[in-house]
Amino acid sequence: QVQLVESGGGLVQAGGSLRLSCVLSGRTFSNYGMAWFRQAPGKEREFVSTITWSGGGTVHADSVKGRFTISRDNAKNTVYLQMNSLKPEDTAVYYCAGARMVVVRRSGDVEVWGQGTLVTVSS
């Protein structure tokens with residue numbers, strides 16, 4: 001059974017940093033393009049960042065470009081999201097996602113979702 005488990009969310013002041021982690025179990029991690037999505041209260045889930053199977057390529061949403069970095073460690077079956085210069089508008093539940101594709105940018109392409117971790121940025 002494939003499963004994604006996230007950790008690292010919490011409360012942080014504006015301008016601060018957090019690192020989210022997500023571990024895949026039950027499948028070969030290196031076969032999965034991985035991504036992070038987020039959903040703010042009252043809004044639709046949106047794409048944040050994605051990384052290729054090998055980690056050699058990344059794509060970030062314009063809203064987080066230059067502040068967030070996605071990375072992965074295939075030896076640890078783990079994908080990370082380093083979030084710097086956080087803003088109140090980054091407040092959301094962050095979801096880890098995976099699919100057997102090079103990159104994952106659309107919710108409809110996701111094969112497995114994590115349970116979500118709440119990130120709250122205070123002003």
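Summarised in this report is the structure supplied together with it. Every chain is numbered on its own, with residues counted from 1 as its sequence reads. For this predicted model, a pLDDT threshold of at least 70 governs which residues receive local features, and a threshold of 80 or more governs which side-chain atom pairs are given and counted, while totals over whole chains, interfaces and linings are taken from all residues. Water and hydrogen atoms play no part in the side-chain values, which are based on all heavy atoms of the structure.

1. Some remarks on the state of the cysteines
Reasoning step 1: Note on terminology: disulfide denotes any pair of cysteine sulfur atoms within 2.5 Å. Evaluated as defined, the whole model comprises one disulfide.
Reasoning step 2: The disulfide partner of Cys-22 is Cys-96, and the gap between their sulfur atoms is 2.1 Å. Its torsion about the S-S bond being -85°, the disulfide of Cys-22 and Cys-96 is classed as left-handed. Here the residue Cys-22 occupies a position in strand β3 (residues 18-25), and Cys-96 occupies one in strand β9 (residues 92-99), the gap between them amounting to 74 residues.
Reasoning step 3: Accessibility here uses a 1.4 Å probe with only protein chains present; expressed as a share of the type maximum, an area under 20% marks a residue as buried, one over 50% as exposed, and anything in between as partly exposed. Judged by its relative accessible area of 0%, Cys-96 is buried. What counts as a helix is a DSSP run of H or I of at least four residues, what counts as a strand is a run of E of at least two, and both are numbered from the N terminus.

2. A word on the sheet that holds strand β8 (residues 78-83)
Reasoning step 1: Note on pairing: DSSP must find at least two bridges between two strands before they are called paired. One open sheet holds the four strands; their spatial order is β1-β3-β8-β7, and the pairing between them is antiparallel. This sheet does not close on itself; its edge strands, each paired only once, are β1 (3-7) and β7 (68-73). Shown here is a sheet whose adjacent strand axes are inclined to one another by a mean of 15°, direction ignored.
Reasoning step 2: The sheet contact formed by β7 and β8 spans six bridges and is antiparallel. Each bridged residue has a counterpart across the sheet, and for Phe-68 the counterpart in β8 is Met-83. Interaxial angle, 0 to 180 degrees, is taken between N-to-C directions of lines fitted to C-alpha atoms, where a helix line uses only the stretch in contact.

3. Details of the pattern of salt bridges
Two side chains that carry opposite charge are able to pair once their charged atoms sit near each other.
Reasoning step 1: Put simply, a salt bridge is a Lys or Arg side-chain nitrogen that is within 4 Å of an Asp or Glu carboxyl oxygen. Evaluation of the coordinates by the stated rule reveals six salt bridges.
Reasoning step 2: Arg-100 is paired through a salt bridge with Glu-111; the nearest N and O atoms lie 2.8 Å apart. Residue Arg-100 is located in the loop between β9 and β10 (112-113), and its partner Glu-111 is located in the loop between β9 and β10; the two are separated by eleven residues in the primary sequence.
Reasoning step 3: Arg-100 gets classed as exposed once you look at its relative accessible area, which sits at 52%.
Reasoning step 4: With a relative accessible area of 40%, Glu-111 lands in the partly exposed category.
Reasoning step 5: Linked by salt bridges that have partners in common, Arg-38, Glu-46, Arg-67 and Asp-90 make up one network.

4. Observations concerning the environment of Arg-72
Reasoning step 1: Here Arg-72 lies in strand β7.
Reasoning step 2: Look at Arg-72 and you get buried, because its relative accessible area is 13%.
Reasoning step 3: Polar contacts, as used here, are pairs of N or O atoms within 3.5 Å; protein pairs need one atom able to donate a hydrogen and one able to accept it. Residues neighboring in sequence count only if both atoms are side-chain atoms. Here the side chain of Arg-72 touches Tyr-32 through a polar contact of 2.8 Å, landing on its backbone oxygen.
Reasoning step 4: Looking at Arg-72, its side chain comes within polar contact range of the main-chain oxygen of Trp-53, at 3.3 Å.

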